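One-letter residues, chain by chain:
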Amino acid sequence: MKKIKLISVILFIGFTLNAQTNMKGSISDETNQPLSFVNIVLQDSLDVIVSYTYSSEKGLYSLRSSKKGNFKLKFSSLGFRSKVFFVNLSNNKEIIKNIILTEEAFSLDEVIIQSEKIIKIKKDTIEIKANSYLTENDATIEDLLKKIPGVTVNSEGTIKIGNKEIEKLMIDGDDFFDRGYKILSKNMPPDQIEKIQLLQKYSNNKLLKGIEESDQVALNLVLKDNAKRKWFGNLSLGYDVTFNKSYNLKSYLMNFGKKNKYIFLTNFNNIGYNATGDINHLIHPFRYGEPASIGDNQSAYSLLNFNSFIPNFKASRTNFNNTELASLNAIFTLSKKVKLKTIGFFNWDENDFFRSSITSFTSSGTNFTNTENFVLRKKKTIGFGKIDLNYTISKTKTLEFTTKYNNQDKNSNSNLIFNDLSTLENLKSKNTLFDQKITFTNKFKDTKVFLLTGRYINEKISQNYIINQFFYENLFSNFSNANNVIQQSENKMQFAGFNAHLLDKKENGNLLELQFGNEFRSDKLNSTFTVLEDTTVLETPSNFQNNTTYQTNNLYVKAKYRVKIKDVALIGKLDFHQLFNVLENNSFSEKQHPFYINPSIGFDWEINKKNKIISSYSYNTTNARIIDVYNNYVLRSVRLFSKGTGGFNQLDASSLILNYQLGNWSDIFFVNTSIIYNKKFDFFSTNSIITQNYTQSEKITIKDRESFTVFTDINKYFKIISSNFKIKASYTKLNYKNVVNNSGLREVKSTNYNYSFGLRSGFQGVFNYHLGSKWTTSQIRSTISNSFTNNINFLDLLFDINDKFNFQIQTERYFFENIDAENSTYYFADLEVKYKLKNNKLILSLSGKNLFNTKKFSAFSISDISTSTTAYRLLPRYVLLKMEYRF
């Protein structure tokens, strides 16, 4: 209750400080017809924008400001003569002005919304002035983007415009990190950004712009003029004043010249901050179905990975890390036609993870309870390099060559106390990747483009796994003296392919696409499982060794046609695949040559500018992977043996999608709702033997698996409180089958509900807030039934006292059902205080995390065979005293 009262007092003080003058009225034309979407802008004597809004459909407006003094109130709309009034906000609590605008001829080169200095719309580009949303609390680009209308940034740093993840985050039109953009957004300070450009219908290949039907989006950051052609950056150092040895050191150095551009950044911290996001987005960027994306879905598979997953919780609170990151990136303009881009990325990370659990198994007459206390330390080293060479042969021809090299080493050690028995695990993994790609683009006519792409990938993953205990006495009864096991595995993958792609846009706007190509992939999977007594080899059991070679060659032809009839676009697609499969499992070899067709149909119906329906139906056949076809057991974790089907498989599935949009993501009211139904006529399931010490799981193919999902996203901006309200809700139902302990085929039904809301203010005064709540309900029914509901609430308060001093408070409340009352609810509070010492150059700050010093949290989870209560250790409270110098 004390915490709730404290938050209420702070919120009351904030709203009291935010006392505002309200300017309102009606706007009409000379015939007394109400005018909607008229721009109303409040400016000071230097024409700096203080506040802005626009009129409703009924011609009404309401504009609030906490500023005092003399100001200009400007009314403007396309096709009408602007009007300006001088207002004094010193004493008035309410100003009423009813406006009549007169028509005026104009030339429509671009549409300007709200104010020329705030938002511009020109064709597919929305341009936003950064200073209109930038606050002193914004330490990174990520912080700034969270406040841009229509842009969302989730807890992992994924950036979306509307409901679509961005393709790239560029600076002055140049892309450094591709889909690994989080390296930039999580590390670059935003103070040198002048404009943010939201690019719609974005094409990764400039020669495809206006020809391909793209729904992709991207962001471009435009630098201030005084930041170009010179070195600028920052250096930040923080150390824990509570003597917990927490620290954060980061630097950023950048130069954008006319010819050459450089970005150098470093980040060293042990405060749980993930400075890279998911690094695989940089190493393996994936673009499904995009021109020249051949090979994007190809990578080698790992057999083993220690599980350090945290459900429904902020990852930074459980990330016991010691991270060292350095990234050196450059773009060189070698000539008017040749541009060279280089990326050098180096990351060393040490992560600790702490988990204790009690798991109760109930299935098919088998009942037992396991306890685990798991302590994990992972050390990871990544060295990644990439070179992009772009040669503009002419205005209509380009040649792009990309080469990548990645070397990654992991050394993981765990101390597992399983049912009071201490066990040590060691897993060493090494991953090497060599990837080359070349793309030739020829726009041989204004509406016709031909692309030819070739790609070669060579990747290898080797793993060595050691356990100093022997849990498998019932499985290997002849080895009563065994006390440890070793598994060594290696997966070598090679991919080679080419793709020829023709895009032909007709005069009536119809689009024809034809593709022809071939993809060859070869996997070699070797695993050796050894039972030992100390260092003496007792046996290498024959059913636990794998020597599998799997080759698949996919020769394909694809055709797609999009025809537009008034407001409806119809899309038809046919993919023809001829496969040549070869499988060698130990001494057994077989071949297969299946042929199949994947059809799909769909339509886009733009009812009007505010209403749009998109629907599609597809039938797909997919080929089995190496991870599905090996024929003997491998150790996938300390107590799980798994094996594949040992043979060829093609799986058939269909999918139906219906999407409805009301408004656009940049409107004051926007609704996006989707319904998705999937039917898998064949799917991989498991036949498992579960015991207290180990599980044996074999892949099997089963008929008929269904899933049904509905989700909706509602956004509404309320001018009266200058706040954006967001609601999200989803429902998912999944039916599937498996076999447990020879009980025969059993049906499993899983249901999940997610619903949340959020409210974020956009006041011009000293105070802002962000609050919200999220509920998650899960239910599983099989031979047993289990369910739970979790809830997360948050309240963030931001105070900009003046140009030098600001602070923010972030609070969170977590509730986990099915946990005892003492451990079901958790509170967190974080504090950030900043003070500028010298003309925006030197900044002192105090950053406190986990101020209530919560030591751990417990969560409840369910599956079709078990329930589990798991406790996770949290990073302790720390208070960093930080100094940042900008230059």
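What you see is a predicted model; the values in this text were computed from it and never measured.

Parameters and conventions
Per chain, the residues get numbers from 1 upward, laid out in the order the sequence is written. The model is predicted, so local features are restricted to residues of pLDDT at least 70 and side-chain atom pairs to those at 80 or more, both for listing and for counting; the totals for chains, interfaces and linings are taken over all residues. Based on all heavy atoms of the structure, the side-chain values leave hydrogens and waters out of the count. Put simply, DSSP H or I for four residues or longer makes a helix, DSSP E for two residues or longer makes a strand, and each gets a number counted from the N terminus. Relative accessible area decides the class of each residue, using a 1.4 Å probe on protein chains only: under 20% of the type maximum gives buried, over 50% gives exposed, and in between gives partly exposed. Any two residues whose heavy atoms approach within 4.5 Å are treated as being in contact. Residue-level accessible areas treat just the shown protein chains as cover; the underlying method is Shrake-Rupley with a 1.4 Å probe. A patch consists of residues whose relative accessible area exceeds 30% and which take part in no salt bridge; residues with like charges are grouped when within 9 Å of each other, and nonpolar side chains (Val, Leu, Ile, Met, Phe, Trp, Tyr) when within 5 Å. Salt bridges are defined as contacts in which a side-chain nitrogen from Lys or Arg sits within 4 Å of a carboxyl oxygen from Asp or Glu. Two strands make a pair as long as DSSP finds a minimum of two bridges between them. Side-chain rings of Phe, Tyr and Trp (the six-membered ring for Trp) are treated as a pair once their centres are within 6.5 Å; stacked means planes under 30 degrees apart, edge-to-face means over 60, and tilted covers the remaining angles. A ring is scored as having a charge over it whenever the NZ atom of a lysine or the CZ atom of an arginine sits within 6 Å of its centre and within 35 degrees of its normal. For the purposes of these results, a polar contact is taken to be a pair of N or O atoms within 3.5 Å, where, inside protein, one atom must be able to donate a hydrogen and its partner to accept one; residues adjacent in sequence count only when each atom of the pair is a side-chain atom. To define axes, lines are fitted to C-alpha atoms, for helices over the stretch in contact only, and angles between the resulting N-to-C directions are given on a 0 to 180 degree scale.

### Digging into the overall build of the protein chain
Regarding its fold elements, the protein chain presents five helices and 49 strands. For the protein chain, the spread of C-alpha atoms along the three principal axes comes to 95 × 70 × 55 Å. Taken across its 887 residues, the protein chain has 48% of its residues classed as buried. In the protein chain, once contacts between residues fewer than 6 apart in sequence are set aside, the share between residues at least 24 apart is 64%. Accessible surface for the protein chain amounts to roughly 41700 Å². Of this, 54% is attributable to carbon and sulfur atoms.

### Digging into a nonpolar patch on the surface
Among the surface-exposed residues, Leu 452, Phe 498, Phe 516, Leu 555, Val 557, Leu 574, Phe 576, Phe 580, Phe 595 and Ile 597 lie close enough to one another that they form a single nonpolar patch of about 820 Å² accessible area. Listed by contribution, the elements that provide at least two residues to the nonpolar patch are strand S30 (546–565), strand S31 (568–585) and strand S33 (595–608). Here the nonpolar patch gets three residues from one element, more than from any other, and that element is S31. Position of Val 557 relative to the elements: it lies in strand S30.

### A look at the sheet that holds strand S12 (residues 151–153)
Reading across from one edge, S12-S13-S14 is the order of the three strands in this open sheet, with antiparallel pairing throughout. Two strands bound the open sheet, and with one partner strand each, they are S12 and strand S14 (164–165). With three bridges connecting them, S12 and strand S13 (residues 159–161) associate as antiparallel partners. Within S13, the residue paired with Val 153 across the bridge is Ile 159.

### Digging into the pairing of strand S43 (residues 785–800)
By the bridge criterion, 15 bridges tie strand S42 (residues 767–781) to S43 in an arrangement that is antiparallel. Each bridged residue has a counterpart across the sheet, and for Tyr 769 the counterpart in S43 is Leu 797. Sheet topology note: the S43/strand S44 (residues 805–816) ladder contains eleven bridges and is antiparallel. Looking across to S44, one finds that Leu 797 is bridged to Ile 809. Joining the antiparallel neighbours S43 and S44 is a turn of four residues.

### Considering the pattern of salt bridges
For the coordinates displayed, the defined rule picks out 41 salt bridges. With a closest N to O distance of 3.3 Å, Lys 24 and Glu 94 form a salt bridge. Of this pair, Lys 24 sits in strand S1 (residues 21–28) while Glu 94 sits in strand S7 (residues 94–96), and the two are 70 residues apart along the sequence. The class for Lys 24 is partly exposed, based on a relative accessible area of 32%. A relative accessible area of 44% places Glu 94 in the partly exposed class. Lys 339 serves as the salt-bridge partner of Asp 174, at 3.2 Å between the closest nitrogen and oxygen.

### A short note on the packing of aromatic side chains
According to the stated counting rule, one finds 51 aromatic pairs in the structure shown. Ring plane angle 40° and centroid distance 6.3 Å describe the contact between Phe 176 and Phe 177, whose orientation is recorded as tilted. Feature note: the residues Phe 306, Phe 313, Phe 353, Phe 374, Tyr 465, Tyr 814, Phe 816, Tyr 826, Phe 828, Phe 857 and Tyr 872 constitute an aromatic cluster, connected by ring pairs. The side chain of Lys 716 reaches across the aromatic face of Phe 718, ending 5.8 Å from its centre. Arg 873 extends its terminal NZ or CZ atom over the ring of Phe 354, reaching a point 3.7 Å from the ring centre.

### Re the side chain of Thr 854
Tracing the chain through its elements places Thr 854 in the loop between strand S46 (842–849) and strand S47 (856–862). At 3.2 Å, the side chain of Thr 854 and the backbone oxygen of Tyr 827 are in polar contact. Those residues within four positions of Thr 854 in sequence are excluded, and the remaining contacts are Tyr 826, Tyr 827, Phe 828, Leu 874 and Leu 875.

### Here's the deal with the side chain of Ser 357
Assignment of secondary structure puts Ser 357 in strand S22 (residues 338–363). Under the relative-accessibility criterion, Ser 357 is labelled buried at 10%. What Ser 357 contacts, discounting residues up to four positions off in sequence, is Asn 370, Thr 371, Glu 372, Ser 868, Thr 869 and Thr 870.

### Brief notes about the pairing of strand S27 (residues 484–505)
Bridging between strand S26 (residues 448–467) and S27 involves 20 bridges; their strand directions are antiparallel. Across the sheet, the residue bridging to Ile 467 is Val 485, located in S27. Relative to strand S28 (residues 511–533), S27 runs antiparallel, the two sharing 22 bridges. For Lys 505, the partnering residue across the bridge sits in S28 and is Leu 511. If you look at the hairpin formed by S27 and S28, you'll find five residues sitting between the two strands, and Gly 509 has a positive phi there, around 95°.

### Brief notes about unusual backbone geometry
The residue Asp 178 is not glycine, and still its phi comes out positive at about 55°. Among the secondary structure elements, Asp 178 is positioned in the loop between strand S15 (169–171) and helix H3 (182–185). You can call Asp 178 buried: its relative accessible area is 10%. One non-glycine residue with positive phi stands out, namely Asn 742, at about 55°.

### Observations concerning the environment of Phe 815
Residue placement: Phe 815 occurs in strand S44. A sequence separation of 26 residues divides Phe 815 from Thr 789, and the C-alpha atoms of the two residues are 8.5 Å apart. Residues in contact with Phe 815, not counting those within four places in the same chain, are Thr 789, Asn 790, Asn 791, Ser 824 and Thr 825.

### Here we look at the sheet that holds strand S6 (residues 80–88)
Taking strand neighbours across the sheet as the criterion, the four strands line up as S3-S2-S5-S6 in an open arrangement whose pairing is antiparallel. Strands with a single pairing partner mark the edges of an open sheet, and in this sheet they are strand S3 (49–54) and S6. Taken pair by pair, the neighbouring strands of this sheet meet at an average axis angle of 15°, ignoring direction. Pairing of strand S2 (residues 39–43) with S3 involves five bridges; the strand directions are antiparallel.

### Quick word on the environment of Val 87
Residue placement: Val 87 occurs in strand S6. Taking the C-alpha atoms as reference, Val 87 lies 5.4 Å from Phe 71; in sequence the two are 16 residues apart. Among all residues touching Val 87, those that are not within four sequence positions of it are Leu 42, Gly 69, Asn 70, Phe 71, Leu 73, Ile 95 and Lys 97.

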